[in-house]
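Coordinates in review
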Amino acid sequence: MAYQAIYKDIGVATEATFGTSIAMTTRMHVKSFGFGLNMNYELVEDTVTSSRGRDRMIRRKNVIEGDMSGYASPRNLHEVFELVNGMEGVTSGVSLMVITYGQNTNGTMMSKSMFVDRNNSQEAFNGVYASSLEISGSDDLLEWTMSGGAKTRGVGVGASIMDNVIGETVHSYNFSDITVSIHKGATYGTQAVTHKVSEWNVKYDNGMEATHLSGSADIARIDPKIPTIEGKIKIFHEGSSWVDATYGASEFYIRFAGTLPSQGGLIGGVSAYLLTIDVPRVQLTSNVRPYEQNEFSVEEIDFVGMMDLSPVGTSALWKPSMTVPLNF
C-alpha cells in the first residue's frame, strides 16, 4: 500500500502562556515541517553479576527541535516574523494595514501552538519558539527557513477543523522585483544606491536557549541571548564598484524591498502587497568578484549588522514590515 499524502497546512495560534495550548486561529501553508521529540534515554550500569547487557535506563529530558520552511507569502511571513522577533506585530493604517515587527529585547518571548495533520495521525506542538529565521531570494522567488523547538508534543486535530479557520489571502507565494537600497551611514535616505539583486539572503538569530528546571522533563522557559544578523547580496558588477570607496570604513543602512507580482492580486485592486526588511547598521565584511568564462560579471557582498541604539534609530538589529489588506 502506498504511503498516504500529507496535508501541507499547519494550524497556528499565539499562546497567552508559554506551552499552554489554545485553539488554532489561522493556518500556514509550508513546504516542510521537521520537529521531532528526543526523550534522551540513557542506559545505566548493569545490575546483575554476569555480563548480559544493561537492564536499566533513565530518562533525562525532552528535547523537541527542528526546522520548517516555506515560500514567502504574507501569512507565512507574519507568523515567522512574530516568532523569531518574540513579539506581536504592531498594526497601523486605515485603508491598508501596515504591520511592523519590532525586536523584543525584554526577554519575554512569544510562543505559538502548531497543529500538524498527516491524514492518519495528528500532532500538536505547544510552546513553539524560533531561534533563527533565514529569508533568501533567487530571481523572483522568496523562501524562508525557521529553526526552533517546542515545549511539548501531543495529539493534534484533523483537517476538518482546520477548514474553519482563516486561510491564505493571496495564493501566489513569491515576492518579485526585489531591490536592495544601500545608504551611506546609519540613516535611511543618505546617498542611497539601489540595486536589483538576483540572489540575496538575510539571517536573524535571536540566540534562543531552552532551559530545563527540576521537576519536569519538559523545558520550563526560553531565554534569548545576544542576537546576530548577517546576510549576502549578489549584484552585477558595473565598472568601479561603490563598495571600493567605503569598504570597511563606514556603516551602511540596508533596505530590502519587494512587491507581490500583479498576478497575485492587489489590495483593493489598487495597492501592491509590500515587504520591507530594514537592517539599520551594517558593515560590509567581504567583497568577491568571481570570474567564470561566459558568465556575467557579478559581485558577492557579505554583511553583518549591529544594534541600532541611537535616539532616533530603530533600537533593533533589523525591522521587517509588510503592507497587507485589512482582512489579512
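Let us look at the structure shown here. (Residues numbered from 1 in each chain as written. Predicted model: local features only at pLDDT ≥ 70, side-chain atom pairs only at ≥ 80, totals over all residues. Heavy atoms only, no water.)

This part takes up helix H1 (residues 74–85). Think of an α-helix as 3.6 residues a turn; residues three or four steps apart then line up on the same face. In a regular helix each residue adds 1.5 Å, so 12 residues correspond to 16 Å; H1 covers 16 Å between its end C-alpha atoms and thus fits that length. Most of H1 sits out of view: 12 of its 12 residues are buried. All buried positions along H1 are accounted for by Pro74, Arg75, Asn76, Leu77, His78, Glu79, Val80, Phe81, Glu82, Leu83, Val84 and Asn85. Following H1 by one or two positions, Gly86 has its phi on the positive side, about 80 degrees. (Helix = DSSP H or I, 4+ residues; strand = E, 2+ residues; numbered from the N terminus. Expected span 1.5 Å × (residues − 1). Buried < 20%, exposed > 50% of the residue type's maximum accessible area, 1.4 Å probe, protein only.)

This paragraph deals with the side chain of Asp218. Here Asp218 shows up in the loop between strand E17 (209–211) and strand E18 (221–223). Put simply, Asp218 is tucked away with no salt bridge, and the nearest opposite charge, on Arg59, sits 5.4 Å away. Engagement of the side chain of Asp218 in a polar contact is seen with the side chain of Asn62, the distance being 2.7 Å. Beyond its immediate chain neighbours, meaning those up to four positions away, Asp218 contacts Asn62, Lys151, Thr152 and His212. (Lys, Arg positive; Asp, Glu negative; His and termini not counted. Salt bridge = Lys/Arg side-chain N within 4 Å of Asp/Glu carboxyl O. Polar contact = N/O pair within 3.5 Å; in protein donor to acceptor, adjacent residues only side chain to side chain. Contact = heavy atoms within 4.5 Å.)

Right, let's talk about the side chain of Ser132 for a bit. With respect to the secondary-structure elements, Ser132 resides in strand E11 (residues 122–138). Note on Ser132: relative accessible area 8%, which makes it buried. Residues within four places of Ser132 in sequence aside, it is in contact with Val84, Thr145, Met146, Ser147, Lys203, Tyr204 and Asp205.

What follows concerns the pattern of salt bridges. If you walk through the whole model with that rule in mind, you get 13 salt bridges. Lys112 is paired through a salt bridge with Glu79; the nearest N and O atoms lie 2.9 Å apart. Here Lys112 is found in strand E10 (residues 112–117), whereas its partner Glu79 is found in helix H1, with 33 residues between them in sequence. Per residue, the accessibility class of Lys112 equals that of Glu79, and both read buried. Across the pair Glu251 and Arg281 runs a salt bridge whose closest N-O atoms are separated by 2.8 Å. Of this pair, Glu251 sits in the loop between helix H3 (242–246) and strand E20 (252–259) while Arg281 sits in strand E21 (residues 274–288); the two residues are 30 residues apart in sequence, bridging distant segments of the chain. Using a relative accessible area of 23% as the deciding quantity, one classes Glu251 as partly exposed. Residue classification places Arg281 among the partly exposed residues on the basis of a relative accessible area of 23%. Here the salt bridges do not stand alone but share partners, grouping Arg75, Glu79, Glu82 and Lys112 into one network.

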